[in-house]
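# Structural characterization, general
One letter stands for each residue in the lines below.
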Amino acid sequence: MLKGKTIILGVSGSIAAYKAVDIARRLIRDGATVKVVMTSSATKFVTPLTFRTLTKQSVATELFTENSKSKICHISLSDEADIILVAPATANIINKTANGVADDLLSTTLLAADVPIIFAPAMNSKMYLSEATQKSLNRLKAFGFRVIEPTLGELACGEEGVGRLAEVDTIVEVIKFETAKEKDLKNRSVVVTAGGTREEIDPVRYISNRSSGKMGYAIANELTKRGAKTTLISAPTYLPTPQNVNFISVSNASDMQREMLQYFDKCDAVIMAAAVADFTPAEPVSKKIKRNKTGNFSLKLKSNPDIIKELGRIKKKQILIGFAAETEDLIENARKKIEEKNLDLIIANDVSKPEIGFEEDFNEVTILNKKGIVKKVPRMTKREIARIIVDKLVDVLD
Ligand code: PMT
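What counts, and where the lines are drawn
- Residues numbered from 1 in each chain as written.
- Predicted model: local features only at pLDDT ≥ 70, side-chain atom pairs only at ≥ 80, totals over all residues.
- Heavy atoms only, no water.
- Helix = DSSP H or I, 4+ residues; strand = E, 2+ residues; numbered from the N terminus.
- Buried < 20%, exposed > 50% of the residue type's maximum accessible area, 1.4 Å probe, protein only.
- Contact = heavy atoms within 4.5 Å.
- Near = heavy atom within 4 Å.
- Polar contact = N/O pair within 3.5 Å; in protein donor to acceptor, adjacent residues only side chain to side chain.
- Areas by Shrake-Rupley, 256 points an atom, 1.4 Å probe, with all protein chains shown as cover.
- Nonpolar A, V, L, I, M, F, W, Y, C, P; charged D, E, K, R; others polar.
- Pairing = 2+ DSSP bridges.
- Axes fitted to C-alpha atoms, helices over the stretch in contact; angles between N-to-C directions.
- Salt bridge = Lys/Arg side-chain N within 4 Å of Asp/Glu carboxyl O.
- Domains from an automatic or database assignment.
- Buried area = accessible area lost by both parts, 1.4 Å probe.

## A word on the side chain of lysine 176
- Summarising the element assignment, lysine 176 is placed in helix 9 (residues 168–181).
- Here lysine 176 falls in the buried class, since its relative accessible area comes to 13%.
- Not counting chain neighbours up to four residues away, the residues in contact with lysine 176 comprise Met1, Leu2 and Asp30.

In structure tokens, the structure reads:
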């Protein structure tokens with residue numbers, strides 16, 4: 001099941017380091033190539049020779065070595081990896097990674113990596129529950145890293161509490177799950193929209209909304225990571241352009257519709273996270289509008305095209321996923337939209353709640369299909385929500 005996968009196993013200095021030997025053994029048994037990177041404190045608990053004998057690979061411990069080959073070690077390691085597992089992950093490596101500190105081989109490898117990273121923490125419960133470590137773990141999750149929560153039990157220090165490394169079985173299962181789904185959208189083509197459209201009033205003014213694009217960009221990133229050929233049609237945002245996507249920049253709803261129709265025929269799915277303006281100025285003007293004598297100004301608006309509704313009308317085999325941004329009757333309104341727009345799934349979010357929805361890094365959603373609620377997703381980062389939405393897309397595509 002792990003045949004052909006290269007897993008970097010980062011081992012940091014905890015008494016649980018001896019369990020990393022079992023993890024390596026199990027991953028190799030399932031067909032993986034395991035390359036171990038140890039921190040200097042980890043080598044006090046288990047010797048590099050143990051891992052070298054088991055993995056039949058050299059064990060990396062030093063950032064600077066005399067006889068390094070042509071490639072820089074921390075870069076080449078992450079380039080070769082399909083996934084990186086840090087187990088056990090101490091408070092030190094967690095807090096360092098969350099703050100971008102790169103002062104040894106493991107932390108530098110983590111900073112340079114652009115593959116999925118999984119942390120399995122193990123430490124004293126006071127260290128684990130400390131505000132600093134908890135904040136760092138939340139940050140790592142927000143970066144899109146996965147954390148396999150430690151369990152309750154007797155700790156090496158003799159105390160009882162949370163902080164024991166998760167079971168080896170659990171860790172190996174997570175690795176199998178993450179590597180299996182990694183490219184589960186290979187050969188699929190998906191179009192995503194993001195951001196708030198700008199409807200021009202005159203050359204200097206426009207009507208728009210609070211969409212930052214974060215939700216749509218997180219979905220585009222997740223799709224790319226999982227092998228999909230991804231087109232991102234984006235209204236203006238302040239976000240960096242995601243890597244490896246076909247990026248189309250648009251301004252208003254009509255532009256977005258025009259670009260969407262270019263790609264729709266050949267795609268397998270569309271996910272519309274964009275906040276498309278329902279109305280646009282009826283008569284945009286080419287010169288800046290001046291104040292008049294009365295000091296009043298009224299703007300006549302006309303309806304914009306409902307892009308996803310039109311796609312729902314013309315679709316053949318494509319899977320259509322829309323969002324419902326609601327401030328009241330969340331589920332009821334989402335149900336109406338999935339029917340009216342002929343969607344396969346709708347992601348309902350309550351944009352009146354503080355700290356989720358527009359502009360925030362977090363969201364809380366309910367996923368529905370035409371039969372009803374598929375999944376309620378509690379507040380979590382948009383990256384995590386993107387992963388769940390893409391999981392659901394995969395289920396529907398299969
Ligand atoms: O961008 P962020 O700051 O991260 O915020 C994320 C978000 C709140 C914008 C996102 O989660 C979200 O809810 N996006 C949809 C916003 C919206 O326009 O919702 P709606 O309920 O008005 O529209 C329903 C669906 O129809 C949406 O998929 C929308 O893209 C689509 N639509 C709407 C109007 C229109 N003229 N054409 C459309 O295609």
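Here the narrative resumes.
## Structural notes on the site of the ligand
- The environment of the ligand is made up of 29 residues, and the closest members are Ser211, Ser212, Lys337, Asn349 and Lys382.
- Alanine 325 has a polar backbone atom sitting 3.0 Å from an oxygen atom of the ligand.
- Contacts to the ligand include lysine 341, whose side-chain N or O atom sits 3.1 Å from an oxygen atom.
- Within the complex, the protein chains bury 96% of what would otherwise be the 770 Å² of accessible surface of the ligand.
- Looking at the shell around the ligand, the elements that each hand over two or more residues are helix 10 (214–225), helix 12 (307–314) and strand 16 (319–326).
- Its residues assigned to classes, the shell around the ligand shows 15 nonpolar, seven polar and seven charged.

## Description of the sheet that holds strand 1 (residues 6–11)
- As summarised here, the arrangement of the five strands in space is 2-1-3-4-5, forming an open sheet in which the pairing is parallel. Two strands lie at the open edges of the sheet, namely strand 2 (33–38) and strand 5 (146–147), each paired on one side alone.
- One ladder, built from four bridges, connects strand 3 (residues 83–89) with strand 4 (residues 117–121); its direction is parallel. Following the sheet pairing, alanine 89 is matched in strand 4 by proline 121.
- Contacts from helix 5 (residues 91–98) reach strand 3 and strand 4, with the element oriented near 135 degrees to strand 3.

## Considerations on the pattern of salt bridges
- Taken as a whole and judged by the stated rule, the model has 28 salt bridges.
- Here lysine 135 and glutamate 131 are joined by a salt bridge, their closest N and O atoms 3.1 Å apart. Here the residue lysine 135 and the residue glutamate 131 both occupy positions in helix 8 (residues 131–142), the gap between them amounting to four residues, near one helical turn. Across this residue pair, the class does not change: lysine 135 and glutamate 131 are exposed.
- Notably, a salt bridge pairs lysine 392 with aspartate 395, separated by 3.8 Å at the nearest N-O pair. Taken together, the residues span about one helical turn, with lysine 392 and aspartate 395 both in helix 14 (residues 382–397) at a distance of three residues.
- We classify lysine 392 as buried; its relative accessible area is 18%.

## Here's the deal with the domain arrangement of the chain
- We note that the domain assignment places domain 1 (6–180) and domain 2 (189–281 + 298–397) within the chain.
- On a C-alpha basis, the centroid separation for the pair domain 1 and domain 2 is 36 Å.
- With five residues of domain 1 at the interface, the matching set in domain 2 holds four residues.
- Carbon and sulfur atoms make up 50% of the area that domain 1 and domain 2 hide from each other, which totals about 530 Å².
- Contact with domain 2 buries area across many residues of domain 1, yet Lys141, Ala142 and Gly144 alone supply 51% of it, more than any other trio.
- Taken together, domain 1 and domain 2 are joined by zero salt bridges.
- Applying the counting rule to domain 1 against domain 2 returns two residue pairs in polar contact (both at pLDDT 80 or more).
- When the residues that make up the side of domain 1 that touches domain 2 are grouped by side-chain class, the tally is two nonpolar, one polar and two charged.

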